[in-house]
Amino acid sequence: MIKNTVKKILCLNFIFLLIMSLNRIIFTFYYSKISELTPYFNDLIQAFILGIRYDMAVLGYMNTVVSLAFVVFWFINGKKLFLKFIKSLKYYYSIFFGSIVVLLCIDFGFYSYFQNHMNILMFGVFEDDTAALFSTISENYPVVLVGIGFISIFVFIYFLSKFILEKNATCFYFNNKTKIYKKIIFTICLAAINVMICRGSFGLFPLGVDNAEVSANTFINKVAINGIYTLQAAIEARSKENKGLDYISSVGYSKNNMAQAFSDYTDVDINSIDKTNPEQILFRTTKYNKIAEQTKPNVVFIVMESFGTDLMHYDSQTFNVLGELKKHLQQDTVFYKFIPGNMGTIGSLEAAITNLARLPLSKFLCQSKYAYNKYFFSGPMPYKNNNYQTVFMYGGNSGWRNCQTYMPSLGFDKVIGEGSMPKEYERNQWGVFDEYLFDYIFKVLDDGNKSKFIYVMTTSNHPPFSLPSQYKQPYPLELNEQLNKDITGDMKLAKMRFATYQYSCQKAGEFLTRLKNSKYADNTIVAITGDHNFWSAFSYPIERKLDEMSVPFYLYIPQKLKPAKIDTTVVGSHTDILPTLYELSLSSTTYWAMGNNLLADTAKDNIASNCLGSIMTKDNFVIYDFASGKEKYFTWNVSDNRKIVSTEENEEHKKMVKRFKSSVAIAYYMLNRKENIIK
């Protein structure tokens, strides 16, 4: 009977739904502590209910083809074809639901590293150093067992489908006397049910990624949604970008009136903005600095892999993650309310060196059509124009992310990767260990008489978290009660991560000690930041949004160049680093930048933001979702100024969102304006 067939298909899909729900349960209790979720018990129940809707929608799309075929065979009364169709479903479900389960497993692993479901960073598998990436995976995970597990999933679903669908299959029969109007009514009802399941909603809009908020606890919101939905959203975002998303109109501006965007960004009256060349408003000239003019100090700008601020808070005598770097952090200038341009390495590298805000949900510039243009506003250009030698150094392969081509386009005279370094330097999967990279910085400083601007990216504090063979851990890393409580996920992986973080900090500290005791102590400025926070060990509630992403911005400034007064409580982001360095090291030099000098008196009113939609000032915080246009408003917690608390929208919040939107329009405008390209 047709009714019996429908029951079998429904039964099988109910089992599929249970499997997806089981994945959600495991995810919840693997990545969180029960004690942390207890206060949000009702929210957690809502998250699971919403999660079932997301899972049903995925299954609904998978069953659309099944429903259509079912109706067609029923209408034509093709019993033999119908039986073949039923038998073929075991292959269909094996392939499609098997793929869904595999994607959910991948999402589980993705979350362990990125603390989020699959998103646009997934494309990095194909755009990154793929060989090193797979080598990393093989080091951290039993790849063979995982492969066998994935194959087992397909086999299990095949036999499960075969058992349920083909039991007594020869007993199916058709009632040829069924009236056509009954078939039509059944078809309409089936189609309606299928559509509603796929939509996941009875409302005006279908269920989407922006519907996953059921709690003030961000982790519970992540429990609700599944990785299939977030991956689909990432694919859609990349597709729009590939088709040429107009970032100017998407944030409410017009190409014919960019003066408004520059006015909103700078908070300058629009009548003061040049309508033909509105970018003129962002030209600045450093003050005349006699000492900088005479010294022409070297500038070493280091971006350290996964050098997040949050782990520093756990530093103690028994859990010493900072090593020799600690004394330099205490002696010199450090900004801690500081956020990266992106949560991926290359995105942050670009945000820190291009003088542009990074475009949200976009391809990385180095792997886009913009990689081959030379722009006057690129970060190294003011140094190049002052007869500095500009050098990009990467501990890994210089071909990574097309850097061999992109960095010269930015204005670097030399690009140095691991292939240019001595063969005796010990390496991991991603490149030379940090101690060797820091050693090579001195070789570059010693090379020739020109002052140097050196932009450096390290690799050591990156999975698979290996250490040099001769390295002996100099300080203890004993987990205290608080750490044991806060760690989520794989404890062994977390301990390996702590060890490589300590190693990187220790070697950065040794580098600074060596430099301060060398001939370069009085004529070299060193800036150090992280590309993104330390991942894969902690989970963050929304009130700790800053800790989730923050990186420090450290500055060593020779005494004769150091300003008399520095306020390190100001907020900043990667786009503020170069303007700060220009003002310290260059005299009477004109430059163009979207960021601000954090050492200036005006920095107290700075608005820091990144492409992830995190926007902060000294008083307020906003999370702006570029994809949906939704905003969340916060202020800083009075008792803990690194935490945020939800609040009603105020005038500064409006100003912050306006500045973020205008930054997106300006960055897109600057990249696409032909007059900005150096021929």
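Refer to the structure above for everything that follows.
Conventions and cut-offs
Along each chain, the written sequence defines residue order, and numbers are assigned to residues from 1. Owing to the predicted nature of the model, reporting of local features is limited to residues with pLDDT of at least 70; listing and counting of side-chain atom pairs is limited to 80 or more, with chain, interface and lining totals taken over all residues. Side-chain figures throughout are based on the complete set of non-hydrogen atoms in the structure, without hydrogens or water. A helix here means a DSSP run of H or I that spans at least four residues, while a strand means a run of E at least two residues long, and both kinds are numbered starting from the N terminus. Only the C-alpha atoms count toward the radius of gyration. The rule for a globule is 2.2 Å times the residue count to the power 0.38. Only protein chains enter the area calculation, which uses a 1.4 Å probe; residues under 20% of their type maximum are buried, those over 50% are exposed, and those in between are partly exposed. When checking whether two residues touch, look at their non-hydrogen atoms; a contact exists if any pair is within 4.5 Å. Method remark: on a 1 Å grid restricted to protein atoms, a set of points is classed as a cavity if a 1.4 Å probe fits but cannot get out and as a pocket if it is open with protein on both sides within 12 Å along at least five of seven lines; lining residues have an atom within 4 Å of a point. Grid points are joined across faces, edges and corners, and a volume is the space filled by probe spheres set on the points. Residues are grouped as follows: Ala, Val, Leu, Ile, Met, Phe, Trp, Tyr, Cys and Pro are nonpolar; Asp, Glu, Lys and Arg are charged; every other residue, Gly included, is polar. Joining through side-chain atoms within 4.5 Å is the link that ties buried Ala, Val, Leu, Ile, Met, Phe, Trp, Tyr and Cys residues into a set, and such a set is a nonpolar core. In summary, the pairing rule links any two rings of Phe, Tyr or Trp, Trp by its six-membered ring, whose centres are within 6.5 Å, and it sorts them by plane angle into stacked for under 30 degrees, edge-to-face for over 60 and tilted for everything else. Any Lys NZ or Arg CZ that is within 6 Å of a ring centre and within 35 degrees of that ring's normal is treated as a charge sitting over the ring.

> What should I look at first to understand the overall build of the chain in this one?
Helix and strand counts for the chain stand at 23 helices and 16 strands. Whereas a compact globule of 679 residues would reach a radius of gyration of roughly 26 Å, the chain reaches 28 Å, a difference of no more than 12%. Taken over the C-alpha atoms alone, the chain extends approximately 100 × 65 × 50 Å along its principal axes. Scored against the burial criterion, the 679 residues of the chain give a buried share of 56%. Long-range pairs, those at least 24 residues apart, make up 78% of the contacts in the chain with a sequence separation of at least 6.

> What is the right way to look at the side chain of Ser539 in this model?
Of note, Ser539 is situated in the loop between β8 (524–530) and α21 (545–549). The residues touching Ser539, leaving out its near neighbours within four places in the chain, are Tyr31, Tyr111, Gln115, Phe219, Thr488 and Arg544.

> What's the story with the layout of surface pockets in this structure? I'm lost.
Picture a little ball the size of a water molecule; that probe, rolled over the atoms, points out where space is still empty. Its volume calculated, the second largest pocket comes out at about 830 Å³. Along the walls of the second largest pocket sit 29 residues, with Asn596, Asn597, Ala600, Asp601 and Thr602 positioned nearest its centre. Among the elements of the structure, α12 (258–266), α22 (577–585) and α23 (651–672) are those that each provide at least two residues to the lining of the second largest pocket. Ranked by residues supplied to the lining of the second largest pocket, first place goes to α12 with three residues. The residue makeup of the lining of the second largest pocket, split by class, is 13 nonpolar, six polar and 10 charged.

> Even after reading the chapter, I still don't get the nonpolar core, so can you show me in this structure?
Taken as a class, soluble globular proteins show a tendency for nonpolar side chains to be buried jointly. Counting residues in each nonpolar core, the largest one holds 84 residues, and the members touching the most others are Phe301, Phe453, Tyr455 and Leu581. It is α23 that provides the largest number of residues to this core, a total of 11 residues. Contact partners of Leu581, with chain neighbours within four places excluded, come to Val299, Phe301, Tyr383, Ile525, Ala527, Leu555 and Leu586. Within the second largest apolar cluster, 54 residues are counted, among which are Ile416, Phe433, Tyr436 and Tyr503.

> How should I be thinking about the packing of aromatic side chains in this particular structure?
For any pair of aromatic rings, the description rests on two quantities: the centre-to-centre distance and the angle between the ring planes. Tallying each qualifying case throughout the model produces 50 aromatic pairs. Residues Tyr91 and Tyr158 carry aromatic rings whose centres are separated by 5.7 Å and whose planes lie at 45° to one another, so their mutual orientation is tilted. Of this pair, Tyr91 sits in helix α4 (residues 79–114) while Tyr158 sits in helix α7 (residues 143–166); the two residues are 67 residues apart in sequence, bridging distant segments of the chain. Look at Tyr91 and you get partly exposed, because its relative accessible area is 47%. For the ring pair Tyr92 and Phe96, a centre distance of 4.6 Å and an interplane angle of 35° mean the geometry is tilted. With Tyr92 and Phe96 both in helix α4 and four residues apart, the pair spans about one turn of that helix. Residue Tyr92 is classed as buried on the basis of its relative accessible area of 17%. One aromatic cluster is present, built from ring pairs that chain together Phe301, Tyr383, Tyr388, Phe392, Phe412, Phe453, Tyr455, Tyr582 and Tyr591. When the ring centre of Trp636 is taken as origin, the NZ or CZ atom of Lys337, which lies over that ring, is 3.6 Å away. A cation over an aromatic ring shows up here: Arg514 above the ring of Phe442, its NZ or CZ 3.8 Å from the ring centre.

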